[in-house]
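# Report on the structure
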Amino acid sequence: MINKNELTPAANFAALAGFNLADALSEEMVGMDVTFDRIKIPAAGGTVFEVPGDAPGETDAVKEFSGVILYHHPLYSYYRERFAGGNAAPDCGSYDGITGAGNPGGICANCQLNQFGSGENGGKACKNKRRIYILREGELIPLLLTLPTGSMKEFSVYIKRLLAKGRKSSAVVTRFSLKKVTNAGGIAYSQAQFAVERALSAEELPYIAAMVEQVKQFAVRVAHEGDAAPEIDPFTGEILELEPTSIQ
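Procedures and definitions
- Residues numbered from 1 in each chain as written.
- Predicted model: local features only at pLDDT ≥ 70, side-chain atom pairs only at ≥ 80, totals over all residues.
- Heavy atoms only, no water.
- Pairing = 2+ DSSP bridges.
- Helix = DSSP H or I, 4+ residues; strand = E, 2+ residues; numbered from the N terminus.
- Salt bridge = Lys/Arg side-chain N within 4 Å of Asp/Glu carboxyl O.
- Polar contact = N/O pair within 3.5 Å; in protein donor to acceptor, adjacent residues only side chain to side chain.

Here strand β11 (residues 172–182) pairs with strand β12 (residues 188–199) via 11 bridges, running antiparallel. Across the sheet, residue S177 finds its bridge partner in β12, namely Q193. Hairpin connection, β11 to β12: the antiparallel pair is bridged by five residues, and G186 has positive phi, about 85 degrees.

Now the structure itself:
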């Protein structure tokens, strides 16, 4: 574990000027598996994120980190059999939280599998998460953070707070941290916390806006994927995604 509470970047987002994510990946990674590296939330109430390190395969443990939320969207997935990781697609999945594709498919809000009590520990059989694409200052490729169910309410409150002030999540630098929370059954879990670190400058906003549009194009190509030995969220009983997500 590194002895610091946050990642303090030395540069701002001006480095994005003229950068095209699709072109860079197609030129530099031909024939290679293109992935977005992940930021991982611990289980059992841990308050330290695991973020990608500078060296391949290495990670750093940090209490807090900051970055711009380029894009975020629902990720619903239902597996008829217990998910064991790998590249297996869910029996039914949704990237917009509105319409499911597969079996049973249809309108998510009306689906019995999307109701509390249909899954383990009183949760939903269809797991509701949210994917967040985050760009840290001084970097050009976003990182991926998948929020488990126990952090969804906090994120919703944060987004509404921004909108109430006329801001989008892509117009500010957000500070991410973790809080240990205990549910009514005495089970501890890790809950993500969000706060505005600063607003983007007028010079930075166009760079970020261009990157937002590029990331939206990639988001629909990111597969449902997990690890062969997935962690279980002690709060909801849901399976946590652990491995880097491939762009299909």
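Let us now look at the pattern of salt bridges. Taken as a whole and assessed by the stated rule, the structure comprises seven salt bridges. Among the salt bridges present, the one from R198 reaches E137, with a minimum N-O distance of 2.9 Å. On the criterion of sequence distance, the pair formed by R198 in strand β12 and E137 in the loop between β9 (127–135) and β10 (143–147) is long-range, its members being 61 residues apart. E204 is the partner of R198 in a salt bridge, and the nearest nitrogen-oxygen pair spans 3.0 Å.

Before going further, it helps to spend a moment on the environment of D96. Counting through the fold element by element, D96 comes out in the loop between β6 (92–94) and β7 (99–102). Residues D96 and H73, 23 residues apart in the sequence, show an inter-C-alpha distance of 6.3 Å. Of the polar contacts made by the side chain of D96, one reaches the side chain of S94; its length is 2.9 Å. A distance of 2.8 Å separates the side chain of D96 from the backbone nitrogen of I98, its partner in a polar contact.

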